Every structure is written in C-alpha cells, then in structure tokens.
Amino acid sequence: QRSKISGIHAEEVLKQMWEKSKTYPELEPDDLYIYTSVANAWSYTKLPNAAEETQRIVEEMHERSKTSKILPPPNANLYHIVIRAWTTFSRDPYAAEKAEAVLQTMQKNHCQADKIAYTQIMNSYVEKNNSPHHDNADSTMLSATVSGHCQRLLGDMWKRYKQHNQDQLKPDRKTYNTLIDAYAKSGQPRQAEMTLEAMWKLQEHNIRPDTVSYCSVMHAWAHLGELRQVEKWFRELQEKSKEFEGRNEDDRLKTDVCSYNILINAWGKSKRPDAGIAAERLLQEMWRQYNQDEDNNKRSRPDHVSYSSVIRAWLQSKDANAMRRMKSLYQEYRQKVSHGIIPRKSAHMRKMHLVYTTATRQLRQQQIASEHQDDEADYEEDDEEYYPYFQA
C-alpha cells in the first residue's frame, strides 16, 4: 500500500525476517521479490528521504548477497526502482547526478539499464534547469551543462545499443523529445531544430518527430520573441500533418491546441498592431479544424488558454477595436462553456475572468493615459501660440 509509512512498515518486516533467520534459517530472505517489494514501498513514500532509503535497501541487499548462499545480488529492475525514486519523487537539487551514479553502478555490476531509465535521468536534468533556486548567471551556465548531459546520455545509449544490439537500449521518440526539450529550455533553439531534423533521418529506426517535438522547438523560439521562427515551424507541422494524414501510422503528428496556443501567445508578445487580428484568426482556424474532424478531435479544441492569449494579443495591439473584441471573445468563451463545447472547469473559468477583467482595466488605463498625453500636447501648442502676446 502506497503511503508515507509503507516503506517503514515493509522494511520492519524485512528486519524481522533477518532476525528470525538466525534461529530459523528457512526464514532468510532468499529472493528478489522481497527486496523489490521493500524498495518499491520506500520509493513511493512521500518522505523527503525516500530516494536515499530506497537506494540504501538495494545497497544493503548487494552487501548481504556477498555472504549469503541463497540471496542473489540486485537485478536491473531494483536499480531502475532507485533511479525512478531519484528522478521522479526526489526534491534533492542533485537528484539527476545521483540517479546517473546509480546508472553507472548498475552497469559496473553487469546490469543493463533500459531507455526508460536513461530518459528519466535526462528529464531530471531538464527539471533541474527549471528550478527557481538559481539566479540568472547560474541559470545560463547550468542550461548549457544540462543540454550537454542529455546529449552525452543519448550518445551513450546509441553506443551501448550498437554494442549489445538490445532493443531496450535503443533510443526512441521520447528520448529525442527530451533532448529537444533540454535545448529549448536552455535557450538553444538552433540545436533543438537540428535535433528535430535529425529525427526525420532516423525513420528506419522507427524514430520520427511528433507534435511534442515541434511544440518544443516553437516554444524555444517563442521564449526569445522570434515570431517568424515560431510561425515557420508551426506551418511545417501543418504541412507534415497533411503529408502523413491517412497513413497507417500513429496519429501523433498533427497541429493541436498546444501548438496553436504557442503561436497565438507569440503573436500577443510581438506587440504588433495586427497582433489581435492575427491571433483571432488562428482561434477561428482552430475551431474550423475541430469542426472538420469526423471524431471532433479534442486535441484541436480551443481552451481557456487559447481565449486568454487572444485577449492579451488584442490588449498589446493597441487597436481601436480592442475593447469590443475582448468583450466579444470573453462572451464567446462563456457561451461555449455553457453549451458544453468547452468543458466547464471552475478553475479555468476563474482564470479566464481574471485575464479579461485585468486586460480591460489595463486597456482603460492606457486610454486614459493616452488622452492625458494628448491634452498636454494641446496645452503646449497653445502656450507656444500665445507666448509672444504674454511676453509683450
């Protein structure tokens, strides 16, 4: 049972077995299942030291196996449990490094890791890069290091796959998407692009980009404010989607709400005068795609983020019709929710209301400030016109 104390209870039973085995040798823990159960129990506890305790159990098993005649050494599955504990549940700032150290230990002990373990470690490095505990200088240096770690791990996977010819070591789409994500979040969009393009050359290995691959590249450029690059990769995703449509392959290469939202948000941040119009056209395009799908594919259905991003785009555009369009979009969203087209979620509706009220208030403040500046300009012109008469 997974709880905060399940690891403690499971280990207590294990200790009792070892204690009683002194009197009754037949009770000595003699199989992997017992230690696997205890390690699993520790790994799923939500205690701060869960990963350390999981690793300690496996290390203890390794030491006992050296002197026991019946207890085998830890296998790959047990090491994978430790790696999962470090990469998935631990909040240790060095969790990725400690997980990779476990990976090296298992390889030293002739246990073969699989691609899931490698990908988990790569993901852990990426999450470390997103930690809020780094200042800007540290973050820049860390970003390059993180992408370097991920690239090195991917190279090691290919090397071991070629040496052992085992499919469990063969990198897959998820592995490459993790590397693209590392480059994207490290501010290296060119490297993210190159990795995506390399995936197209690996189709013979059943590796091909999907929507997640393109979204990561788009996000990398959007973070740098490069609207043209975001739009370029979005349109390529659309073209590839049409190219692979109808093939007997997995349906993972298609524009969805995430890809649209990234592009809409990029338009909003561009502060171009036509940002509101362009963003709203994309929203309408999303609804057309949603309505054209025979099964009404939910992946392309606009959500509260879509509408919020379009409202922000209108706010940034400083268009004369911005207030009217923002109000219309807010009402349209509420209508879609009331008709059940967009799922009713209280949290999303509250966020949408907050975005709308904040945007309209900011727009009114901008209008008042603009009118005030115009008035001051008029007064200055009047002073210049009548100044000679005052002087006389």
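Residues numbered from 1 in each chain as written. Predicted model: local features only at pLDDT ≥ 70, side-chain atom pairs only at ≥ 80, totals over all residues. Heavy atoms only, no water.

**Points about the overall build of the protein**
- A tally of helices and strands in the protein yields 16 helices and 0 strands.
- Evaluated residue by residue, the protein yields a buried proportion of 44% over its 392 residues.
- The long-range fraction of contacts in the protein, counting pairs at least 24 apart against all pairs at least 6 apart in sequence, stands at 65%.
- Here the protein displays about 22500 Å² of accessible surface, and carbon together with sulfur accounts for 49% of that area. (Helix = DSSP H or I, 4+ residues; strand = E, 2+ residues; numbered from the N terminus. Buried < 20%, exposed > 50% of the residue type's maximum accessible area, 1.4 Å probe, protein only. Contact = heavy atoms within 4.5 Å. Areas by Shrake-Rupley, 256 points an atom, 1.4 Å probe, with all protein chains shown as cover.)

**A word on the packing of aromatic side chains**
- This model, assessed by the stated rule, comprises 8 aromatic pairs.
- Ring plane angle 25 degrees and centroid distance 5.6 Å describe the contact between W200 and F244, whose orientation is recorded as stacked. Pair noted here: W200 is in helix α9 (residues 189-200) and F244 is in helix α11 (residues 227-244), with a separation of 44 residues, a long-range link. Like F244, W200 is buried.
- Their ring planes at 55 degrees and their centres at 6.0 Å tell us that Y214 and W233 sit as a pair that is tilted. Highlighted residues: Y214 in helix α10 (residues 211-223) and W233 in helix α11, separated in sequence by 19 residues. (Phe/Tyr/Trp six-rings, centres within 6.5 Å; stacked < 30°, edge-to-face > 60°.)

**Regarding the environment of T145**
- The residue T145 is located in helix α7 (residues 136-164) in this model.
- As a C-alpha pair, T145 and A182 span 37 residues in sequence and 10.0 Å in three-dimensional space.

**So, the pattern of salt bridges**
- The final tally for this structure, using the stated rule, is 16 salt bridges.
- Residues E60 and R64 are paired through a salt bridge, measuring 3.5 Å at the closest nitrogen-oxygen approach. Of this pair, E60 and R64 are both found in helix α3 (residues 50-67), 4 residues apart, which corresponds to roughly one turn of the helix.
- Here R325 makes a salt bridge to E280, at a shortest N to O gap of 2.2 Å. (Salt bridge = Lys/Arg side-chain N within 4 Å of Asp/Glu carboxyl O.)

**Some details on unusual backbone geometry**
- The phi angle at N165 is positive, at roughly 55 degrees, despite the residue not being glycine.
- The backbone of K271 sits at a positive phi, close to 60 degrees, despite the residue not being glycine.
- Along the chain, K271 falls in the loop between α12 (257-270) and α13 (275-292).

**Points about the environment of N109**
- By the secondary structure assignment, N109 is in the loop between α5 (95-108) and α6 (115-129).
- Considering only alpha carbons, one finds N109 and A76, 33 residues apart in sequence, at a separation of 9.4 Å.
- At 2.8 Å, the side chain of N109 and the side chain of Y79 are in polar contact. (Polar contact = N/O pair within 3.5 Å; in protein donor to acceptor, adjacent residues only side chain to side chain.)

**Structural notes on α13**
- Taking 1.5 Å as the rise per residue, α13 with 18 residues should run 26 Å; its terminal C-alpha atoms sit 26 Å apart, in good agreement.
- Among all positions in α13, only A275, G276, A278, A279, E280, L282, L283, E285, M286, W287, Q289 and Y290 are buried.
- Each element contacted by the buried residues of α13 is listed here: α11, α12, α14 (304-317) and α15 (322-338). (Expected span 1.5 Å × (residues − 1).)

**What about the packing of helix α2 (residues 32-43) against α3?**
- Two numbers describe how α2 lies on α3: the axes approach to 8 Å, and their chain directions differ by 165 degrees. Looking at the two axes, α2 sits roughly antiparallel to α3. The two elements α2 and α3 meet at a crossing, and its hand is right-handed. Taking contact as the criterion, the partners of L32, Y35, V38, A39, W42 and S43 in α2 are, on α3, A50, E53, T54, R56, I57, V58, E60, M61 and R64. (Axes fitted to C-alpha atoms, helices over the stretch in contact; angles between N-to-C directions. Parallel < 35°, antiparallel > 145°, perpendicular 65-115°, else oblique. Left-handed = near helix turned anticlockwise from the far one by under 90°.)

**A word on the side chain of R301**
- Mapped onto the elements, R301 comes out in the loop between α13 and α14.
- For the buried R301, no salt bridge is present, and the opposite-charge side chain at shortest range is D303, 8.0 Å distant.
- Those residues in contact with R301 that sit more than four places away from it in its chain are V257, M286, W287, Y290, I341 and P343. (Lys, Arg positive; Asp, Glu negative; His and termini not counted.)

**Here we look at the confidence of the model for the protein**
- With 87% of its residues at a pLDDT of at least 70, the protein reaches an overall mean of 87.
- Within the model, pLDDT remains below 50 along residues 382-392, and this stretch shows 0 contacts once partners closer than five positions in the same chain are excluded. (pLDDT = per-residue confidence, 0-100.)

**Thoughts on the environment of L14**
- If you trace the backbone, L14 turns up in helix α1 (residues 6-20).
- A relative accessible area of 3% means that L14 is categorised as buried.
- Here the alpha-carbon distance between L14 and E28, two residues 14 residues apart in the chain, equals 9.3 Å.
- With near-sequence residues (within four places) excluded, L14 lies in contact with P29, I34, Y35 and V38.

**Observations regarding α3**
- With 18 residues, α3 should reach 26 Å at 1.5 Å per residue; the first-to-last C-alpha distance of 27 Å fits that figure.
- Along α3, the residues that are buried comprise A50, A51, E53, T54, I57, V58, M61 and S65.
- Buried positions along α3 lie against α1, α2 and α4 (76-89).

**Quick look at the side chain of T175**
- Within the fold, T175 resides in helix α8 (residues 173-185).
- Given the relative accessible area of 0%, T175 is considered buried.

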